[in-house]
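Geometric and topological summary
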Amino acid sequence: MCNQIKTLSKNNNGQLSICNECNVYHLTFNNIYFEFSPKEMRLFKKYVTDIEVEYWEAKYDGMPVKRKIPIQTQQTNLVMVFNRQELASLCDLITQSTAKPYDNLSLLEIDYTLYLN
């Protein structure tokens, strides 16, 4: 269990942290959680930042789906799909381009529908 976790970046979709003790990256994005070694993190960062968004949006232009940008996994029957905004948010996290990683999110930054009963 990691005890010395440092937050590197965060936004309203997720958070990237590293454990200074075991040198493992922890990436939480919406309902997805990843653990990466430093080498795996570098490879994932390169893969995600090299995705051609326009190509995938044009390829699936006729499809009636919200998310058109795939990220393959090593499991052949599992593909993660993202829309342009989600992919940009993921890239911001893994490139550590988010502003103020140690500040709390404001109420306006939280994408949640509140139902008052």
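To keep things clear, this report deals only with the structure shown in the data block. (Residues numbered from 1 in each chain as written. Predicted model: local features only at pLDDT ≥ 70, side-chain atom pairs only at ≥ 80, totals over all residues. Heavy atoms only, no water.)

Section: the layout of surface pockets
Selection criterion: Cavities and pockets were defined on a 1 Å grid built from protein atoms only: a cavity is a group of points that admits a 1.4 Å probe but offers it no way out, a pocket is an open group of points flanked by protein on both sides within 12 Å along at least five of seven lines, and a lining residue is one with an atom within 4 Å of any such point. Grid points are joined across faces, edges and corners, and a volume is the space filled by probe spheres set on the points. Secondary structure elements follow DSSP: runs of H or I no shorter than four residues count as helices, runs of E no shorter than two count as strands, and numbering proceeds from the N terminus. Following the grouping adopted for this structure description, the nonpolar residues are Ala, Val, Leu, Ile, Met, Phe, Trp, Tyr, Cys and Pro, the charged ones are Asp, Glu, Lys and Arg, and the polar ones are all others, Gly among them.
Reported here for the largest pocket is a volume of approximately 360 Å³. In this structure, the largest pocket is lined by Phe34, Phe36, Glu40, Leu43, Phe44, Tyr47, Ile71, Gln72, Thr73, Gln74, Leu78 and Met80. In terms of residue count, the dominant contributor to the lining of the largest pocket is helix 1 (residues 38-49) (four residues). Tallied by class, the residues present in the lining of the largest pocket amount to eight nonpolar, three polar and one charged.

Describing the nonpolar core
Generally speaking, nonpolar side chains in soluble globular proteins are found buried as a group. Cut-off, in case you're wondering: Here, nonpolar core means buried Ala, Val, Leu, Ile, Met, Phe, Trp, Tyr and Cys residues that are tied together by side-chain atoms lying within 4.5 Å of each other. Note on exposure labels: buried denotes an accessible area under 20% of the residue type's maximum, exposed denotes more than 50%, and partly exposed covers the range between, all computed with a 1.4 Å probe on protein chains only. What makes two residues a contact is simply this: any of their non-hydrogen atoms within 4.5 Å.
Core analysis: the biggest nonpolar cluster contains 22 residues, and Leu27, Phe44, Val48, Ile71, Leu87 and Leu90 have the highest contact counts within it. Looking at this core, the elements that each hand over two or more residues are strand 2 (14-19), strand 3 (25-29), strand 4 (32-36), helix 1, strand 5 (69-72), strand 6 (79-82) and helix 3 (84-94). Ranked by the residues each element gives to this core, the list is headed by helix 3, at five residues. Excluding its chain neighbours within four sequence positions, the residues that come into contact with Val48 are Ile71, Leu87, Leu90, Cys91 and Ile94.

Points about unusual backbone geometry
Both trends apply: most residues other than glycine have a negative phi, and most peptide bonds are in trans. Located in the positive-phi region is Asn23, a residue other than glycine, with phi close to 60°. By the element assignment, Asn23 lies in the loop between strand 2 and strand 3. Residue Asn23 is classed as partly exposed on the basis of its relative accessible area of 40%. A positive phi is found at Asn30, a non-glycine position, where the angle reads about 50°. Considering the arrangement of structural elements, one finds Asn30 in the loop between strand 3 and strand 4.

The values reported here are purely geometric and, on their own, carry no functional implication.
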